[in-house]
Amino acid sequence: MYNTYLTRYNTVSNINSPLSLNLSSDIIGNQIIMEADVEVTGNITHSNNKVVFILTSLQDEDYFCSVISYDYSTFNLSSIGDSDTFQMSVDINPNWDINQIKFVGLVQSFNNNHILQAGSINVPLNNLLVMDTDISGIDDQNGGDGDGVPNPGENILLSLNLSNESLELISSSSQITVTTSTPGINILEPIQYYNQEIISGESGIVNIPISISEDIALGVANFDISLNSSYTDNYMNELIFEKSFQKTIDVSLYQSGFPYVISSQVITTPAIVDIDFDNNKEIIFGDYLGLLHVIDQFGNAKEGFPYDMNDQIWGSPAVADIDNDGDIEIIATSKNKRLCIINSDGTVQYQYNTGQTLLGTPVLGDIDGDPELEIVFGGYDSSRKLYAVNPDGSDVNGFPIVIDERMRAGVALADFNSNGKDDIVFGTDDEHIYLVLDDGTISTGFPFLGDSDFRSEPAIFEYNNEKMILIGSKDGTLYSINSYGELIFSIETSDDIMASPSILSAQGYTPMIFFGNNDGEVHALYPDGTYVDGWPIFFPESIISSPVFSDLDSDFSPEIIFFTGGGNLHIINLDGTSYPSAPMTYTFPYSSSPAIHDLDADGDLEVLGGTADGLNVLDIKENGNNAGYWNTFKANLHRNSYYSNQLMGDINIDSNIDILDVVEMVAYILNTNQSIDFNYADMNYDGYVDISDIIIILNHILLD
């Protein structure tokens, strides 16, 4: 319609017209008032004339603008000198962009559509009160955990910001009414008043007390907000501005500052450790852009990071003081064919160029019997070597060795020949499982031939002083083989096993082996290969992560935590029932294995995991315990995938956790005893042994 009038409007420009037309407009309350002052200045030769009132709104550059209101009144002037004022009013539609409206006035013959005169003006906004409201924040200091994130079971204050966006007018007072249709949301005082003036360009805050049910479904909660503001306009009219708003909040278990969105996939499991000894833990992970991130518990990047590794990072970072210099190092690999040893300030300690693609997670262990930790990893293409590298970048004696088989995943480490040095276990794309001894020789009985490629990391499970190697194949078989390369048992499943198995041990339970497959099956086995009662459990999506374990609610019964392919975090109990609020769905798919840690030292545990768009952290709102559990990918930050049924904290290996173990740990910290087993002293899996580990053991002794 407007294009038609635009053409006709242009035809009357710069030509003689029998009419003089002056337009004016104003706003009174919720109405736009339009006036056309018309005087006859010449002979009118057209009949059935009307005064047309059009409101237009700028739309875009292509369409120019659109008609939002059209009306007309009869034009009854005919003789030269006749004049009159024609008026029309229109209610303001709340969906209009009031700043983009023009008044177009026409005098037009309705017989032949001839336009006798036309004009246009902007609608002035000086007498318009424009109020807006938005949710400015969540106050949960008194009724919640104080992180500003609305969680199930909390009483919060929903902070509404009332803003005056007028040019001149002042809001003298406001009434706010808030309702909701979301189950589990109880608005305790739905009507609130703001009895102060809000001048143009200023705002005020109204707090709405809300109770959130403990069993509310996680997700969006909807609110309908009605705002009535009293004001006096420029003509001394006492008026009320009325408008309704629809607003939402996300009821979630997200840690404050998360999800951490970087628009890049993260398939690495984050490492959580106080890397700079400032008593605050950092989160370390790599992404598909090749950036190694170190961020704090609020999602802020640490100075010196991210570090650019120049190609995709597939392997999870390993973290430890590998050279005993008192500083923590980060060890990472990427597809740019380099192993990087990175200091806590983001500087590079060493780069080791292999000349072949590196996909697996680097693993830390003692290969040569010296006080330092060595780094073990394999190559995927080219010469397909197995590497063992010292902290200074030199090769361990006897390494690298040529395997000539693709190694897609990382290795596992444990001492198989009882010489005090770690030996190396890994699978290949040539359907082999290898045990390579610390001197670089292949152990007798290996390689073991499986039924398909091995694309996931092995786990080493020591039970009753016997070590077994556990690894799943791409054809869906879990193998358990002994240190001689002999099959202990195998479990055939319905689909590919693409994530490594994990070991669950808890007081009062026989240790159990957990793993999942691409058909949505989660299996639980005892060390002899028999199934735990009630398992496997079936899910509608593929199991994309290794399971991890922690006691999330301090009930002395561990939970099993894992991700599935549709963006779901599952938390289940040993009897197969789901933890409250689980499964928890994220907008994007998860792409790593989870890590469980008390990130912010508040007594409850967080679940961390990589996603298709970054890193997600969920805060479990109950006091929990992760000490002694396989609570991260590959068991610990050394990523050695090794578990023994020796009790965590049993430093002197006497089958008891008592004050004697504390004495051993104190001696280690004071450098008077360096012979303890690090794997069983690092109670919180933060990469080093210190006073925090002693506190965990003391708490265990006091509670036992």
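Residues numbered from 1 in each chain as written. Predicted model: local features only at pLDDT ≥ 70, side-chain atom pairs only at ≥ 80, totals over all residues. Heavy atoms only, no water.

Student: What is the right way to look at the overall build of the protein chain in this model?
Tutor: Across its full length, the protein chain carries 4 helices and 48 strands. Its C-alpha radius of gyration of 36 Å places the protein chain more than 25% over the 27 Å reference for a compact globule of 704 residues. Seen through its C-alpha atoms, the protein chain measures out along the principal axes to roughly 120 × 55 × 50 Å. Looking at the protein chain residue by residue over its 704 residues, the buried ones come to 56%. A fraction of 55% describes how many contacts in the protein chain between residues 6 or more apart in sequence connect residues 24 or more apart. Carbon and sulfur atoms form 45% of the exposed surface of the protein chain, whose accessible area is close to 28800 Å². Across the protein chain, the mean location of the 21 positive side-chain charges is 12 Å away from that of the 103 negative side-chain charges. (Helix = DSSP H or I, 4+ residues; strand = E, 2+ residues; numbered from the N terminus. Rg over C-alpha atoms; globule rule 2.2 N^0.38 Å. Buried < 20%, exposed > 50% of the residue type's maximum accessible area, 1.4 Å probe, protein only. Contact = heavy atoms within 4.5 Å. Areas by Shrake-Rupley, 256 points an atom, 1.4 Å probe, with all protein chains shown as cover. Lys, Arg positive; Asp, Glu negative; His and termini not counted. Charge placed at Lys NZ, Arg CZ, Asp CG, Glu CD.)

Student: Would you explain the domain arrangement of the protein chain in this entry?
Tutor: Think of interface size as the accessible area that goes away when the parts come together; that is how it is often given. The domains assigned to the protein chain are domain 1 (5-122), domain 2 (131-251), domain 3 (260-644) and domain 4 (659-702). The straight-line distance from the C-alpha centre of domain 2 to that of domain 3 is 46 Å. Taken together, the 5 residues of domain 2 in the interface contact 4 residues of domain 3. When the two sides are added together, the surface that domain 2 and domain 3 hide from each other amounts to roughly 300 Å², 51% of it contributed by carbon and sulfur. For the domain 2 face of the interface with domain 3, the top three residues by lost area are Asp145, Asn151 and Leu218, together amounting to 73%. Across the contact surface, domain 2 and domain 3 share 2 salt bridges. Taken together, domain 2 and domain 3 are joined by 3 residue pairs in polar contact (both at pLDDT 80 or more). Tallied by class, the residues present in the side of domain 2 that touches domain 3 amount to 2 nonpolar, 1 polar and 2 charged. (Domains from an automatic or database assignment. Buried area = accessible area lost by both parts, 1.4 Å probe. Salt bridge = Lys/Arg side-chain N within 4 Å of Asp/Glu carboxyl O. Polar contact = N/O pair within 3.5 Å; in protein donor to acceptor, adjacent residues only side chain to side chain. Nonpolar A, V, L, I, M, F, W, Y, C, P; charged D, E, K, R; others polar.)

Student: Honestly, the environment of aspartate 429 in this entry has me stumped. Any pointers?
Tutor: Considering the arrangement of structural elements, one finds aspartate 429 in the loop between β30 (423-427) and β31 (432-436). Classification of aspartate 429 as buried rests on a relative accessible area of 11%. C-alpha of aspartate 429 to C-alpha of phenylalanine 454: the two residues are 25 residues apart in sequence and 5.7 Å apart in space. With near-sequence residues (within four places) excluded, aspartate 429 lies in contact with Tyr380, Arg406, Arg408, Asp453, Phe454 and Arg455. Within the structure, the side chain of aspartate 429 is placed 2.8 Å from the side chain of arginine 455, a separation counted as a polar contact.

Student: It is not clear to me how the side chain of glutamine 108 should be interpreted in this structure. Could you clarify?
Tutor: When you line up the elements, glutamine 108 lands in strand β6 (residues 101-109). The buried category is assigned to glutamine 108, whose relative accessible area is 1%. Within the local environment of glutamine 108, its side chain forms a polar contact with the backbone oxygen of asparagine 113, the two atoms lying 3.3 Å apart.

Student: Sorry, what's going on with the pattern of salt bridges here?
Tutor: For side chains of opposite charge, pairing can occur when their charged atoms come near one another. Applying the stated criterion across every chain yields a total of 9 salt bridges. The salt bridge involving aspartate 147 is made with lysine 621; its shortest N-O contact spans 3.1 Å. With aspartate 147 in the loop between β8 (131-139) and β9 (155-164) and lysine 621 in strand β47 (residues 614-623), this residue pair connects regions lying 474 residues apart in the sequence. What makes lysine 621 partly exposed here is its relative accessible area of 26%. Notably, a salt bridge pairs glutamate 462 with lysine 467, separated by 3.2 Å at the nearest N-O pair. For glutamate 462, a relative accessible area of 13% gives the class buried.

Student: Hey, could you run me through the sheet that holds β9 in this one?
Tutor: Within a sheet, adjacent strands bond to each other through the backbone by hydrogen bonds, running parallel or antiparallel. If you walk across this open sheet you meet the 4 strands as β8-β9-β13-β11, and the pairing is antiparallel. Each end of this open sheet is capped by a strand with a single partner; those strands are β8 and β11 (185-187). Averaged over all neighbouring strand pairs, the angle between strand axes comes to 35°, with direction disregarded. Here 9 bridges tie β9 to strand β13 (residues 203-212), and the two strands are oriented antiparallel to one another. Residue pairing in the sheet places isoleucine 156 in a bridge with isoleucine 210 of β13. (Pairing = 2+ DSSP bridges. Axes fitted to C-alpha atoms, helices over the stretch in contact; angles between N-to-C directions.)

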